[in-house]
Amino acid sequence: MRNHLISVAGLCLVASGALGETPVLTVYTYDSFVSEWGPGPAIEAAFEAQCGCDLRFVGHGDGAALLARVLLEGARTEADIVLGLDTNLTDAARATGLFAPHGVTAALDLPIAWEDAEFLPYDWGWFAFVGRAGGEAPASLAALAATDLKIVIQDPRSSTPGLGLLMWVKATYGQGAGALWAALADNIVTVTPGWSEAYGLFLEGEADLVLSYTTSPAYHLIAEEDAGYVALPFDEGHYLQVEVAGIVAGTEVPDLAADFMAFMVSDAFQSVIPTTNWMYPAVVGPEGLPAGFDTLVTPAQSLLFSAPEAAAIRDEALAEWRAALSQ
Amino acid sequence: MARGPVAIGAPFARWPGTAAAVLVLALTLGTLAAVLWRAGGVGWAAGDWQVVRFTILQAALSAALSVTLAIPVARALARRRFPGRGLLITLLGAPFILPVIVAVLGLLAIFGRGGLVNAGLGALGLPPLSIYGLHGVVLAHVFFNLPLAVRLILQGWAAIPAERFRLAASLGLPVGRLLERPMLRAVVPGAAMVIFLICLTSFAVALTLGGGPRATTVELAIYQALRFDFDLGRAALLAAVQFGLCALAALAVWGLAVPDRMGAGLDRVAERWDGAGRPERLADALAITLAALFLLAPLAMVVARGLPGLAELPPSVWRAAARSVVIALASAGLAVALALALALRGGVRATLAGALPLAASSLVLGTGLFLLLHPWVNPATLALPVTALVNAVMSLPFALRVLAPAVARIEAGHGRLADALGLTGWRRLRLVTLPRLRGPLGFAGGLAAALSIGDLGVIALFAGPQTETLPLAMYRLMGAYRMEAAAGAALLLLALALGLFWLMDRGGRGDAAA
């Protein structure tokens, strides 16, 4: 009798698991992705319309905070997918062994070749100094250092764009990176903890230029109808930020996670990116880019360290930066 | 509350205070131990000594300057009566409770490259001043902490019994030497230490206005270790160093401070006969005007910039604001209860426990709590209660600094009578202590509520999708290029923080003429 009861209870549990609640896919990402002005809401609606599931975005600070969160939770993480790391972070993420192959093959519209079994890009952008139209416009980092222009940058120890600039300088000047930083020191008004503070200071008139993305003027043009902002093209090339997502190996819904990764490079996801995340989509759809993106500068040369290279040179580059700016 | 058997000579049961101290200990040192345990070892980087040096230097300068400037302002406010004085005192408290980035943008609107000061200098053909560097960090810290110093010292003045001033006046004795100097000697070291400790754990001010990696503080190094290197060992060691520095500072103050032997008066507003001469009146007017200009002009800029953005605020920001108010009220109630328990228990251990959160790194505290909770529950489901609790503990030192001297004064003045009447425990609290403690309770609660509403620290680590608070919403607006809406949210935050503080402080002061 008792055995019978237990097996009935067991059957009920199995049945409720199979027929009851809709499956949940939890995606950890950064804050601005989930905000109501970010891509999150539109993408959630589009994916839920086709998956018969509940897609939950959970925002955790910025990209670096996101990785720290995953590391903190370890194998017990509730995330099925982590979306929002960049190539400066993927090496550390991969080393945890928490991520599984994504299994997606897609023709990506990236300015560089991309090959990564675990991490799949969903958007990308070029770092650039952004200023007001009609201002002085040096054409390289060295030329910028020679001017009296005032710039605001982010701290590479607490923000992903700050780390991007560190890599940009290293990729362009190699052994001379320390000297470039020393030359740039008198241009730097201040170093902020994150992108928001730097961009805020720039808009307040505290600096002529701010480290941001070539796509930043598109925001002012499209959302504010203000054509007064430009990104400065540097002929020595611009460092890339490629934002990627990966499947957590311990997920309980692997099929759903794989579906999401395929969805991520489809038009329904990608067409939302340009005017919500203000980055270039990893796959340009049949409609092309939104009006206004054609006015943006497109650098002739793209710079990017591979994830292992970036991880290997980070400490040295950070020490050079620190030494040069601490004088 | 304290209803159980009470030892002879102890008017209040000790266990509520002991329980509060244990809770604080668990949240500060316990979370540090959790991080250390998970890390399995400690690490120290080569540049960390320079970081420690800068941290101490800026904190010492900020504390010294804040307190030095606060003395004339507090003295002027203590001996002058003018219309709007109460409102001015409330407004002067605003910088202390503002979220850092709001205050920094307000300061920049005045002192920045494109600010009013440089516009004025430019009009006069003078070269522009730069706010960025050590002096900028100190300027911002003085902006934040001058109001706190003024309030703490003003309380010292208010605590001098009116009878003493009357006596001094009738005997023609120098008020400064007899009454004010002993009071300052008792109050100033403590105020300076609190501000030193606040500045010691500063992070965003030092980074934004410091102008570069020279201005790295220990808290920033902890942030870096946690966020970018995921080096828990280094974070734990740095947090331990921060505790050590704070302990040294506290010990130093212990040696300096002398106990307040002023005795009790009759709870009256002091009428002053000194300082009636024209030079004193001029000096007082000047001190009040300069302080008001320095503290209120940046706030006025926050208001001016925020007004257009208010209309743009989406409904989610209003919901976040409501959530923040609830957290702030819960956190204020908790902070005041903890502080009262510690103040009634008294003794060195309670005082130490009450000061401990000042030395804690909120990042390490949050991380440690996360590590402790994560095996048992999903931390996101506890985001709001945890935020209220941590905010309460972080504002406990301020609440205790307000309540402890007041409780001690009440005991000194009325304790013997209460003993003679056999009043102990809850009845003594209700009949003797609480009625005389209304003012300090309101001030402490208002401070805790305002500090909690502007806090971004812990919620950022715990927040799930439905638990956004107002400061977090403001940062998310900034992160989405919505600077104007963010300015609106900043204004809302300023209004809510000040409103909560004002309501509680006013409620506490009742109809006292102060």
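If you're wondering where the values come from, they're calculated on a predicted model, not measured in any experiment. Sequence order sets the numbering: in each chain, residues are counted from 1 along the sequence as written. Chains carry letters and ligands carry numbers; both start at the beginning, A for chains and 1 for ligands, and go up in the order they are written. Reporting in this predicted model follows two pLDDT cut-offs: at least 70 for local features of residues, and 80 or more for side-chain atom pairs to be given and counted; totals over whole chains, interfaces and linings ignore these cut-offs and use all residues. With hydrogens and water set aside, each side-chain value is computed from the structure's full complement of heavy atoms.

### Points about the overall build of chain A
Quick reminder of the rule: A helix here means a DSSP run of H or I that spans at least four residues, while a strand means a run of E at least two residues long, and both kinds are numbered starting from the N terminus. Here the globule rule is a power law, 2.2 Å times the number of residues to the power 0.38, and the radius of gyration is based on C-alpha atoms. Working rule for contacts: check all heavy atoms of both residues, and any pair within 4.5 Å makes them a contact. Under the convention used here, a 1.4 Å probe and the Shrake-Rupley method define accessible areas, while residue burial counts only the protein chains that appear.
A tally of helices and strands in chain A yields 13 helices and 12 strands. In summary, chain A has a C-alpha radius of gyration of 22 Å against a globular reference of 20 Å for 327 residues, a match within 12%. Principal-axis analysis of the C-alpha atoms places the extent of chain A at approximately 85 × 40 × 35 Å. Restricting to contacts in chain A with at least 6 residues of sequence separation, those with at least 24 account for 78%. Carbon and sulfur atoms form 55% of the exposed surface of chain A, whose accessible area is close to 12400 Å².

### Quick notes on the pattern of salt bridges
What counts, and what does not: Salt bridge, as applied in this entry: a Lys or Arg side-chain nitrogen positioned within 4 Å of an Asp or Glu carboxyl oxygen.
Going through the model one piece at a time under the given rule, you end up with 15 salt bridges over all chains. Through salt bridges with shared partners, a single network forms among A:Arg94, A:Asp116 and A:Glu118.

### Observations regarding the domain arrangement of chain A
All names here are of chain A. Operational definition: Each domain's limits were defined by an automated method or a database of domain assignments. Buried area counts how much accessible surface, traced with a 1.4 Å probe, disappears from two parts once they are put together, with both parts' losses summed. A 3.5 Å cut-off defines polar contacts: any pair of N or O atoms within that distance qualifies, except that in protein one atom must be a possible hydrogen donor and the other a possible acceptor, and neighbouring residues in sequence count only when both atoms are side-chain atoms.
On domain assignment, one finds that chain A holds domain 1 (20–124 + 241–290) and domain 2 (125–240 + 295–325). Centre-to-centre, using C-alpha coordinates, domain 1 lies 26 Å away from domain 2. Listed as interface residues are 18 residues of domain 1 and, on the opposing side, 28 residues of domain 2. When the two sides are added together, the surface that domain 1 and domain 2 hide from each other amounts to roughly 1800 Å², 65% of it contributed by carbon and sulfur. Connecting domain 1 to domain 2 are zero salt bridges. Where domain 1 touches domain 2, the interface holds three residue pairs in polar contact (both at pLDDT 80 or more). Of all the secondary-structure elements, those providing two or more residues to the side of domain 1 that touches domain 2 are helix H5 (87–95) and strand E10 (238–248). Top element by residues in the side of domain 1 that touches domain 2 is H5. It accounts for six residues.

### With respect to the confidence of the model for chain B
Residues and elements named next belong to chain B. Note the threshold: For every residue, the predictor reports its confidence as pLDDT, a number between 0 and 100.
Overall, the prediction assigns chain B a mean pLDDT of 81, with 89% of residues at 70 or greater. Predicted confidence in chain B is weakest over helix H19 (residues 459–462), with a mean pLDDT of 65, and strongest over helix H14 (residues 315–345), with 91. Note that residues 1–8 has pLDDT below 50 and, in this model, 10 contacts with residues that lie over four places away or in other chains. For residues 258–269, every residue scores under 50 in pLDDT, and the model assigns this stretch 23 contacts once sequence neighbours within four places are set aside.

### Regarding the side chain of A:His220
When you line up the elements, A:His220 lands in helix H10 (residues 216–223). The contact partners of A:His220, leaving out residues within four places of it in the chain, are A:Tyr199, A:Leu203, A:Glu225, A:Asp226, A:Tyr229 and B:Tyr481.

### Quick notes on the interface of chain B and chain A
Bring the parts together and some accessible area is lost; that lost area is often taken as the interface size. Just so we agree on the cut-off: Three classes are used, and their members are as follows: Ala, Val, Leu, Ile, Met, Phe, Trp, Tyr, Cys and Pro are nonpolar, Asp, Glu, Lys and Arg are charged, and the others, Gly among them, are polar.
Counting residues at the interface gives 50 residues for chain B, matched by 55 residues for chain A. Joining chain B to chain A, the criterion identifies two salt bridges. Residue B:Arg305 pairs with A:Glu204 through a salt bridge whose shortest N-O separation is 2.0 Å. Applying the counting rule to chain B against chain A returns five residue pairs in polar contact (both at pLDDT 80 or more). Secondary structure elements with two or more residues in the side of chain B that touches chain A: helix H2 (48–79), helix H5 (100–111), helix H10 (204–210), helix H11 (218–227), helix H16 (362–373) and helix H20 (470–479) of chain B. When grouped by side-chain class, the residues that make up the side of chain B that touches chain A number 27 nonpolar, 15 polar and eight charged.

### Let's talk about the packing of helix H4 (residues 63–73) of chain A against H5(A)
Describing two packed helices takes the angle between their axes plus the distance from one axis to the other. Residues and elements named next belong to chain A. The criterion, for reference: Here an angle of 0 to 180 degrees is reported between the N-to-C directions of two axes, which are lines fitted to C-alpha atoms, with helices fitted over the stretch in contact. Oblique is the label for every angle not falling under 35 degrees (roughly parallel), over 145 degrees (roughly antiparallel), or within 65 to 115 degrees (roughly perpendicular).
It is at 10 Å that the axes of H4 and H5 come closest, and there the two elements cross at 5°. Classified by the angle their axes make, H4 and H5 are roughly parallel. Counting all contacts with H4, which are made through Gly63, Ala64 and Leu67, the residues of H5 involved are Leu89, Ala92 and Ala93. For the contact of H4 with H5, a count of residues per class yields five nonpolar, one polar and no charged.

### Here's the deal with helix H8 (residues 162–171) of chain B
All names here are of chain B. Where we set the bar: Only protein chains enter the area calculation, which uses a 1.4 Å probe; residues under 20% of their type maximum are buried, those over 50% are exposed, and those in between are partly exposed. Of all possible arcs, the one meant is that of the directions from the helix axis to the C-beta atoms.
Restricting attention to buried positions, one finds in H8 the residues Ala162, Phe165 and Ala168. The buried side chains of H8 occupy one side of the element, clustering within an arc of 130° when seen end-on. Opposite its buried face, H8 presents the exposed residues Ser170 and Leu171, each directed more than 90 degrees away. Note on H8: the residue one or two positions beyond its end, glycine 172, has a positive phi of about 70°.

### Things to note about the side chain of A:Lys170
Residues and elements named next belong to chain A. Relative to the assigned elements, lysine 170 resides in helix H7 (residues 160–173). Residue class for lysine 170 comes out buried when judged on its relative accessible area of 9%. Beyond its immediate stretch of four places on either side in the chain, lysine 170 contacts Ala177, Phe305, Ile313, Glu316, Ala317 and Glu320.

### Quick look at the state of the cysteines
Residue and element names in this part refer to chain A. Stated precisely, the cut-off is as follows: Cysteine sulfur atoms are paired as a disulfide whenever they fall within 2.5 Å.
Per the stated rule, a full pass over the model turns up one disulfide over all chains. Paired by a disulfide, cysteine 51 and cysteine 53 hold their sulfur atoms 2.1 Å apart. Between cysteine 51 and cysteine 53, the S-S dihedral sits near -85°, and the bridge is therefore left-handed. One exposure class covers both cysteine 51 and cysteine 53, and it is buried.

### Points about the packing of aromatic side chains
The geometry of an aromatic ring pair comes down to the distance between the two centres and the angle between the two planes. Put simply, the rule is: Each aromatic pair joins two rings of Phe, Tyr and Trp (for Trp, the six-membered one) with centres within 6.5 Å, and gets the label stacked for planes under 30 degrees apart, edge-to-face for over 60, and tilted for any other angle. Only when the NZ atom of a Lys or the CZ atom of an Arg is both within 6 Å of the ring centre and within 35 degrees of the ring normal do we say a charge sits over the ring.
Scanning the model with the defined rule gives 28 aromatic pairs over all chains in all. When the ring of B:Phe143 is compared with that of B:Phe294, the centres are 5.9 Å apart and the planes differ by 85°; the resulting orientation is edge-to-face. Residue B:Phe143 is found in helix H7 (residues 134–159), and its partner B:Phe294 is found in helix H13 (residues 278–310); the two are separated by 151 residues along the sequence. Classification of B:Phe143 as buried rests on a relative accessible area of 0%. In textbook terms, an aromatic cluster arises when at least three aromatic residues are bridged by ring pairs, as seen for A:Tyr30, A:Phe33, A:Phe47, A:Phe57, A:Tyr122, A:Phe260, A:Phe263 and A:Phe269. In this arrangement the basic side chain of A:Arg132 is found over the ring face of A:Phe202, its NZ or CZ atom lying 4.7 Å from the centre. Sitting above the plane of the B:Phe443 ring, B:Arg151 keeps its charged end 4.0 Å from the centroid.

### Concerning helix H1 (residues 15–39) of chain B
All names here are of chain B. Applied cut-off: Every helix has an expected span of 1.5 Å times one less than the residues it contains. Fitting axes to the seven residues that end at a residue and to the seven that start at it, the angle between those axes gives the bend at that residue.
An ideal rise of 1.5 Å per residue puts 36 Å on 25 residues; H1 measures up with 34 Å between its terminal C-alpha atoms. The largest bend along H1 measures about 35° and falls at glycine 30. For H1, every residue scored as buried is listed here: Pro16, Gly17, Ala20, Ala21, Val24, Leu27, Thr28, Thr31, Leu32, Ala34 and Val35. After H1 finishes, the residue glycine 40 shows a positive phi value of roughly 80°.

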